[in-house]
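Coordinates in review
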Amino acid sequence: MDAAAFVEELDRAVKSRLADLGQAAAAGEPAPELGVAQLLSLALKKELEASEEAALWMTREDDVEVKLALARQCGDEAKHYRLVEARLRELGVDPSKLSPLAGGPTPMFQYLAGLGSTVERVAAGQFTREALAQVHNDVFIAYCEAKGDHGTARLYRETIQPDEAHHHELGRKLLLRLAVTEDAQARARAAAERTLAMAGEMAEMARLKKGIARAPGC
Ligand SMILES: [Fe+2]
Ligand SMILES: [Fe+2]
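Conventions adopted
Positions within a chain are numbered from 1, following the residues in the order the chain's sequence is written. A letter from A marks each chain and a number from 1 marks each ligand, given out in the order of writing. Side-chain atom pairs in this predicted model are given and counted only at pLDDT of 80 or more, local residue features only at pLDDT of at least 70, and totals for whole chains, interfaces and linings cover all residues. Just so you know, side-chain values use all the structure's heavy atoms and leave hydrogens and water out. A run of H or I in DSSP counts as a helix once it spans at least four residues, and a run of E counts as a strand once it spans at least two, with each numbered from the N terminus. C-alpha atoms define the radius of gyration, and 2.2 Å times the number of residues to the power 0.38 defines the globule rule. Think of it in three bands: residues with accessible area under 20% of the maximum for their type are buried, residues over 50% are exposed, and the middle band is partly exposed, with areas taken using a 1.4 Å probe on protein chains only. Only N, O and S atoms count as donors, using a 2.8 Å cut-off from the metal and 3.2 Å for Na, K and Ca, and because water is excluded some sites may appear unfinished. Any site counts as irregular unless it has four donors with all angles between 85 and 135 degrees, making it tetrahedral, or four or six donors with opposite ones more than 155 degrees apart and the rest between 65 and 115, making it square planar or octahedral. Contact criterion: two residues are considered in contact whenever any of their non-hydrogen atoms come within 4.5 Å of each other. Each axis is a line fitted through C-alpha atoms, taken for helices only over the stretch in contact, and angles between the N-to-C directions span 0 to 180 degrees. By definition, any crossing whose near helix is turned counterclockwise from its far helix by less than a right angle is left-handed, and any crossing with a clockwise turn is right-handed. For this classification, the nonpolar set comprises Ala, Val, Leu, Ile, Met, Phe, Trp, Tyr, Cys and Pro, the charged set comprises Asp, Glu, Lys and Arg, and every other residue, Gly included, is treated as polar. An angle below 35 degrees is treated as roughly parallel, one above 145 as roughly antiparallel, one from 65 to 115 as roughly perpendicular, and anything else as oblique. Residues enter a nonpolar core if they are buried and are Ala, Val, Leu, Ile, Met, Phe, Trp, Tyr or Cys, with the set joined through side-chain atoms within 4.5 Å.

1. Examining the overall build of the protein
The helix and strand inventory of the protein stands at 8 helices and 0 strands. Relative to a compact globule of 218 residues, whose C-alpha radius of gyration would be 17 Å, the protein shows 17 Å and is just as compact. Taken over the C-alpha atoms alone, the protein extends approximately 50 × 30 × 30 Å along its principal axes. Here the protein, with 218 residues, has 51% of them falling under the buried criterion.

2. Some points on the coordination of the iron ion (ligand 1)
Listed as protein donors to the iron ion (ligand 1) are Glu47 (OE), Glu77 (OE), His80 (ND1) and Glu164 (OE); their distances from the metal cover 2.0 to 2.2 Å. Around the iron ion (ligand 1) sit 4 donor atoms, and with donor-metal-donor angles ranging over 89 to 141° the site reads as irregular. Sequence positions of the residues that donate to the iron ion (ligand 1) give the spacing E-x29-E-x2-H-x83-E. Here the iron ion (ligand 2) and the iron ion (ligand 1) are spaced 3.8 Å from one another, each receiving a donor from glutamate 77.

3. Description of the coordination of the iron ion (ligand 2)
Here the iron ion (ligand 2) is held by the protein donor atoms Glu77 (OE), Glu130 (OE), Glu130 (OE), Glu164 (OE) and His167 (ND1), which lie 1.9 to 2.7 Å from it. Linear spacing of the donor residues for the iron ion (ligand 2) on their chain is E-x52-E-x33-E-x2-H.

4. Considerations on the environment of leucine 83
Summarising the element assignment, leucine 83 is placed in helix 4 (residues 64-90). Not counting residues up to four positions away in its chain, the partners in contact with leucine 83 are Leu155 and Thr159.

5. What about the packing of helix 4 against helix 6 (residues 118-146)?
Look at helix 4 against helix 6: their axes get within 12 Å of each other, and the N-to-C directions meet at 35°. Read as a crossing pair, helix 4 and helix 6 show a hand that is left-handed. Contacts between helix 4 and helix 6 involve Val66, Ala69, Leu70, Gln73 and Glu77 from the former and Thr118, Val122, Gln126, Arg129 and Glu130 from the latter. Class assignment of the residues belonging to the contact of helix 4 with helix 6 gives a composition of 4 nonpolar, 3 polar and 3 charged.

6. A word on the packing of helix 6 against helix 7 (residues 150-178)
Axis angle and axis distance: for two packed helices, these are the angle between their axes and the distance between the axes, and together they describe the pair. At their nearest, the axes of helix 6 and helix 7 sit 8 Å apart, and the two run at 160° to each other. It follows that helix 6 is roughly antiparallel to helix 7 by the angle criterion. Here the hand of the crossing between helix 6 and helix 7 comes out left-handed.

7. Re the side chain of glutamate 53
Among the secondary structure elements, glutamate 53 is positioned in helix 3 (residues 43-60). Among residues more than four places away in sequence, those in contact with glutamate 53 are Phe109, Leu112 and Arg129.

8. Looking at the environment of lysine 15
In this structure, lysine 15 sits in helix 1 (residues 3-27). Here lysine 15 falls in the exposed class, since its relative accessible area comes to 52%. In sequence terms lysine 15 and alanine 199 are 184 residues apart; their C-alpha atoms lie 14 Å from each other.

9. Points about the nonpolar core
Burial of nonpolar side chains together is a common tendency in soluble globular proteins. Judged by nonpolar contacts, the single largest core of 33 residues is most densely connected at Leu10, Val14, Leu18, Val119 and Leu175. Within the residue set of this core, elements represented by two or more residues are helix 1, helix 3, helix 4, helix 5 (107-113), helix 6, helix 7 and helix 8 (182-210). Excluding residues that lie within four positions of it along the chain, valine 14 makes contacts with Phe127, Thr128, Ala192 and Leu196. Counting 22 residues, the second-largest nonpolar core is a separate cluster that includes Leu34, Ala43, Val93 and Phe140.

Right, here's the structure in full:
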């Protein structure tokens, strides 16, 4: 199949699975002790890991377009980290008391960091995970609005979401150029599926163990 048809098919598959994940996230009520600020503080680790992954991949890349896309993403995710920190301060939380590195890297980070080819990284990290971040952020925005926190909702809607959408679109553009053989398409499809499966497992675990639902980020 040509790359355009492949990306269209992958898009449909990813969107349908994301709709399920979004519904599951929106259906769960966060534990009563988890307010907007507590859910927001969970985004720090995700933004840090997203930034670090982009940096790691950049050093292993020899496609200049992909290198530069990763460089932009690395900077954007670091900017998101700082924006989330600033909002936490406004909400009365001291971010220096938080330790986003505690617990070590997430299974998602470890999986993504180990991907061996450009087409897999682009399919998993940019195309799929950035779409996932947008779905989780939408659920979080609705939650913030429902709780009357319009400032946090605005930060996500106006600044963070457009960046995540841009990262996803970069993934789409690169896949159109990279997913041109049957082997590349099979690897891209498998990497996207594994990313979604892992996201589902991690969300389920967070809900069961800590009552975390509707948290922002990937
Ligand atoms: Fe981000
Ligand atoms: Fe992103």
